[in-house]
Amino acid sequence: MHNTKEESPTEIVLVGGGHSHVEVIRRFGLAALPGVRLTVICTDAQTPYSGMLPGYIAGHYEAADIHIDLPRLADWAGVRFVHDEVVGIDRHARTVRCASAREMHYDYLSLNIGSAPRMGEVAAADSPAVPVKPIRHFRRCWLDLLQRVCTHREPSTTIAVVGAGAGGVELLLAMQHRLRREIRASGRQPEQLRFHLFTRSPQILPTHAARVREHFMRELAARGVVLHLGVEVGHVRGGHIDTGNGASVDADEIVWVTQAGGAPWLRDTGLALDPDGFVQVEDSLRTVSDERIFAAGDVASLVSGPLAKAGVFAVRQGPILAENLRRASRGEPLLRYRPQRRWLALITTGERYAVVSWGPLGIAGRWVWRWKDAIDRRFMARYRELPARRAA
Ligand SMILES: Cc1cc2nc3c(=O)[nH]c(=O)nc-3n(C[C@H](O)[C@H](O)[C@H](O)COP(=O)(O)OP(=O)(O)OC[C@H]3O[C@@H](n4cnc5c(N)ncnc54)[C@H](O)[C@@H]3O)c2cc1C
């Protein structure tokens, strides 16, 4: 499977600049693979780090703090960067098709494209609802929302968040923190802002420990957030949210942070998908359907046991994916990725304060926020402060 010097290089194509692929690129920069050409195709030139998104919304970070400059990283690593969106795979011809109509050949392909929002199924086109992903769209929507709320002349503004996992809760608290500050600065009362949080499950943060949930239940109550537990949002038309039980809520702004699914175009690839449309992979991160295609991060669904959709897993999969792409291109046996049983989540509360969620533990404090900030900044620095490369 590997090439001799005279042959054309083995083409490894990375689709998406997610948390796993940035590590594959970095490792390629540290130790290039002879006879291999690596290409990354991504819709984002500046790829966002969602762990810092709530901090950006809250006003603690600038946009530049939460993005990795993919062309710069790729250039440093000797990787070709293509700014495009992949919309299909022809597995027979071994090509990917891009939105620009460009087609690219691959010998090995890896998908790290995150998840796609599913809001379209319930929200009508005239509704103000915006999904949190893709983050580049959301960032633009957020800046518009900020502007609208600050210039809103009605006596009150209602903001609804649909989805009460860690992302939804964090995002709501971050928006509230920031909007209250902006409203105060414009001479209005922060009480004019009303917040609603919807979740279909009977409790918020369902995958976290009771202590973590209790902390956030207190926090949301203290901040006047109206909770709608066990509510399956039926339809959203205009700003009208039908809660499915005869009641409804009118909101000026709606943000969608529910569990998403795999990108719709994956259905046409013939790759085996799980019921949510994510690509099924073996423990090696190779797809169960095609030995030339790998997947990592949110888009990958391990057949040996599905994982929560969290960036920590995508980050941990990066080194294994890098090594297995190298091994696959040489026809060597692949390594197994073994997910950690417990994973650390540091959930922020809007201001510079956060809660540790680790197994049954739930500990809160300002120090937790500083700890998270240090972890996040260290992660970003890996892809910014690039060491000098050895001459090839
Ligand atoms: C508000 C919020 C906060 C969160 N905080 C945390 C946290 O603190 N810790 C944590 O572990 N998890 C967190 N998560 C979950 C986390 O966002 C995801 O699990 C993580 O981003 C998944 O990473 P990924 O590498 O799979 O994909 P992503 O980070 O989504 O990256 C995918 C990349 O691929 C690009 N792409 C997508 N489709 C295509 C295509 N067709 N062609 C080319 N490029 C494409 C995208 O533009 C993007 O750049 C949070 C989520 C949200 C919504």
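Note that the structure is predicted; figures quoted are calculated from it, not measured.

Asker: Any chance you could break down the packing of aromatic side chains for me, citing the residues and the numbers?
Answerer: Going through the model one piece at a time under the given rule, you end up with 5 aromatic pairs. Summarising the aromatic geometry, the rings of F379 and Y383 are spaced 5.3 Å apart at their centres and angled 65 degrees between planes, so their arrangement reads as edge-to-face. Given the relative accessible area of 9%, F379 is considered buried. For Y383, a relative accessible area of 3% translates into the label buried. Site record: aromatic cluster; members linked through ring pairs are Y49, F379 and Y383.

Asker: Summarise the site of the ligand; cite the residues concerned and give the values.
Answerer: In the region of the ligand, 33 residues are neighbours, and H19, T43, D44, S50 and D298 sit closest. Between the ligand and H19 there is a distance of 2.7 Å, counted from an oxygen atom to a backbone nitrogen or oxygen. Measuring from an oxygen atom of the ligand, one finds a side-chain N or O atom of K133 at 3.0 Å. Out of a free accessible area of 990 Å², the ligand has 87% covered by protein chains. Among the secondary structure elements, those contributing two or more residues to the shell around the ligand are strand 2 (36-42), helix 5 (166-185) and helix 7 (311-330). It is helix 7 that provides the largest number of residues to the shell around the ligand, a total of 3 residues. Class assignment for the residues of the shell around the ligand results in 11 nonpolar, 13 polar and 9 charged.

Asker: An account of the nonpolar core is needed here, citing residue identities and associated values.
Answerer: Within the largest apolar cluster, 104 residues are counted, with the highest numbers of intra-cluster contacts made by L111 and L179. Of the residues that make up this core, three or more belong to each of domain 1 (10-43 + 84-116 + 261-341) and domain 2 (119-256). Beyond its immediate chain neighbours, meaning those up to four positions away, L179 contacts W142, L145, L146, V149, I159, L193 and F195. The next biggest cluster of nonpolar side chains, apart from the first, holds 14 residues, and it includes A123, A129, V162 and A251.

Asker: Can you explain the pattern of salt bridges? Please cite residues and give values.
Answerer: In total, this model carries 22 salt bridges according to the counting rule given. Taking the shortest distance from any N to any O, the salt bridge between R94 and D107 comes out at 3.0 Å. Highlighted residues: R94 in the loop between strand 6 (86-90) and strand 7 (95-98) and D107 in the loop between strand 8 (103-105) and strand 9 (108-111), separated in sequence by 13 residues. Classification of R94 by relative accessible area gives partly exposed; the value is 24%. Judged by relative accessible area, D107 falls into the buried class, the value being 14%. For D373, the salt bridge identified is with R377, shortest N-O distance 3.0 Å.

Asker: Describe the sheet that holds strand 15 (residues 240-242), with residues and values.
Answerer: Pairing between the strands of a sheet comes from backbone hydrogen bonds, and it takes one of two forms, parallel or antiparallel. Strand order in this open sheet of 3 strands is 14-15-16, and the pairing throughout is antiparallel. Looking at the sheet topology across the chains shown, the edges are occupied by strand 14 (235-237) and strand 16 (248-250). Between one strand and the next, the sheet's axes are offset by a mean angle of 15 degrees, whatever the strand orientation. By the bridge criterion, 3 bridges tie strand 15 to strand 16 in an arrangement that is antiparallel. Counted as the bridge partner of I241 is V249 from strand 16.

Asker: A description of the sheet that holds strand 8 should follow, citing residues and the corresponding values.
Answerer: Strands sit in the order 6-7-8 across an open sheet of 3 strands; the sheet is antiparallel. For this open sheet the edge positions go to strand 6 and strand 8, each flanked by a neighbour on one side alone. The average angle at which neighbouring strand axes cross in this sheet is 25 degrees, direction not considered. Looking at chain direction, strand 7 and strand 8 are connected through 3 bridges and run antiparallel. Across the sheet, the residue bridging to V96 is M104, located in strand 8.

Asker: Lay out unusual backbone geometry in plain terms, naming residues and giving numbers.
Answerer: A cis amide bond links K133 to the next residue, P134, at an omega of -5 degrees. Checked against the element boundaries, P134 lands in the loop between strand 10 (129-131) and helix 4 (135-151). For A101, which is not glycine, the phi torsion reads 80 degrees and is therefore positive. The residue A101 is located in the loop between strand 7 and strand 8 in this model. If you check the backbone angles, L285 has positive phi at about 75 degrees while not being a glycine. With respect to the secondary-structure elements, L285 resides in the loop between strand 18 (279-281) and strand 19 (293-295).

Cut-offs used in this document
- Residue numbers here run from 1 along each chain, matching the order of that chain's written sequence.
- Since the coordinates come from a predicted model, pLDDT governs what is reported: local features require at least 70, and pairs of side-chain atoms require 80 or more to be given and counted, while whole-chain, interface and lining totals use all residues.
- To get the side-chain values, take all heavy atoms of the structure and skip hydrogens and water.
- For this analysis, a ring pair means two rings from Phe, Tyr or Trp (six-membered ring only for Trp) whose centres lie within 6.5 Å, classed as stacked if their planes differ by under 30 degrees, edge-to-face if by over 60, and tilted for the remaining angles.
- Exposure is judged per residue with a 1.4 Å probe applied to protein chains only, and the accessible area is read against the type maximum: over 50% gives exposed, under 20% gives buried, and values in between give partly exposed.
- Neighbouring residues are identified by heavy atoms, a residue being near a molecule or strand if any of them is within 4 Å of it.
- A 3.5 Å cut-off defines polar contacts: any pair of N or O atoms within that distance qualifies, except that in protein one atom must be a possible hydrogen donor and the other a possible acceptor, and neighbouring residues in sequence count only when both atoms are side-chain atoms.
- Using the Shrake-Rupley algorithm and a 1.4 Å probe, accessible areas are obtained, with residue cover drawn only from the displayed protein chains.
- Under the scheme used here, helices are H or I runs from DSSP no shorter than 4 residues and strands are E runs no shorter than 2 residues, and both carry numbers assigned from the N terminus.
- Amino acids outside the nonpolar list (Ala, Val, Leu, Ile, Met, Phe, Trp, Tyr, Cys, Pro) and the charged list (Asp, Glu, Lys, Arg) are all regarded as polar, and Gly is one of them.
- Here, the term nonpolar core denotes a set of buried Ala, Val, Leu, Ile, Met, Phe, Trp, Tyr and Cys residues that are joined through side-chain atoms within 4.5 Å.
- Delimitation of the domains relies on an automatic or database domain assignment.
- Throughout, a contact is declared for two residues whenever any of their heavy atoms are within 4.5 Å.
- Definition used for salt bridges: Asp or Glu carboxyl oxygen within 4 Å of a side-chain nitrogen of Lys or Arg.
- Following DSSP output, two strands are said to pair if at least two bridges run between them.
- In this description, a line fitted to the C-alpha atoms serves as the axis of each element, helices being fitted only across the stretch in contact, and the angle between N-to-C directions of two axes falls anywhere from 0 to 180 degrees.

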